[in-house]
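# Residue-level structure breakdown
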Amino acid sequence: MPAKSLHIQVIELPVKDVAKSAKWYTEVFGLGFCFPFIEGDDAAWLNLNGMALGLVEAVEVPKFEFVSSKGETKPVLTFQVDNIQELSEELGQKGIEVGEMVYKQGGGYSFQLVDPSGNLLGIWGGWPK
């Protein structure tokens, strides 16, 4: 029997420093905590529109990226935002290095950035209207 109502509810992302990563994700994306984070905890749980994003302290942080058959480095994890242009500009003004804004016909705008633990993240503006 196939699974019913299959969806992703939890993503656990390995990080080097939980407190530093929690501060970065809350400041960059405006995410709140699922429950209180106490400095020294080995994980911080952020609420991503009802899904849990766990920032979990790891001995080693593997690379969550790959190279496509076209030779492009791609992130495994991509966040969708409604304000991609403004977010890119704001992050740049804060000194956070953001990749080039790319537009794909029929696919919309996107860019990439790296979190404090070296995780490559995609930011996507959603389907073109």
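For the structure itself, look to the data block above.
As a starting point, this report considers the structure included with it. (Residues numbered from 1 in each chain as written. Predicted model: local features only at pLDDT ≥ 70, side-chain atom pairs only at ≥ 80, totals over all residues. Heavy atoms only, no water.)

## Considerations on the pairing of strand β3 (residues 43-48)
For clarity, the cut-off: The buried label goes to any residue with under 20% of its type's maximum accessible area, the exposed label to any with over 50%, and the partly exposed label to all in between, with areas taken from a 1.4 Å probe on protein chains only. Going along the chain from the N terminus, every DSSP run of H or I of four or more residues is numbered as a helix, and every run of E of two or more is numbered as a strand. A pair of strands is considered paired only if DSSP assigns at least 2 bridges between the two.
Counting buried positions along β3 yields five of six residues, so the element is predominantly enclosed. As judged from the six bridges shared by β3 and strand β4 (residues 51-57), these two strands associate in the antiparallel manner. Residue Leu 48 lies in a different strand from β4, and its bridge partner there is Met 51.

## Here we look at the sheet that holds strand β2 (residues 32-33)
Taken in spatial order, the four strands of this open sheet run β1-β4-β3-β2, and their pairing is mixed. Across the chains shown, the open sheet's two edge strands, defined by having one partner strand only, are β1 (10-15) and β2. The pairing of β1 with β4 spans six bridges and is classified as parallel. Bridged to Pro 14 within β4 is Val 56.

## What about the pattern of salt bridges?
Working definition: two side chains of opposite charge can pair if their charged atoms are close together. This is how it is decided: Take a side-chain nitrogen of Lys or Arg and a carboxyl oxygen of Asp or Glu: if they are within 4 Å of each other, that pair is a salt bridge.
This model, assessed by the stated rule, comprises three salt bridges. When the shortest N-O distance is used, the salt bridge between Glu 27 and Lys 23 registers 3.0 Å. Separated by four residues within a single helix, Glu 27 and Lys 23 lie in helix α1 (residues 18-29), roughly one turn from each other. Glu 72 serves as the salt-bridge partner of Lys 74, at 3.5 Å between the closest nitrogen and oxygen.

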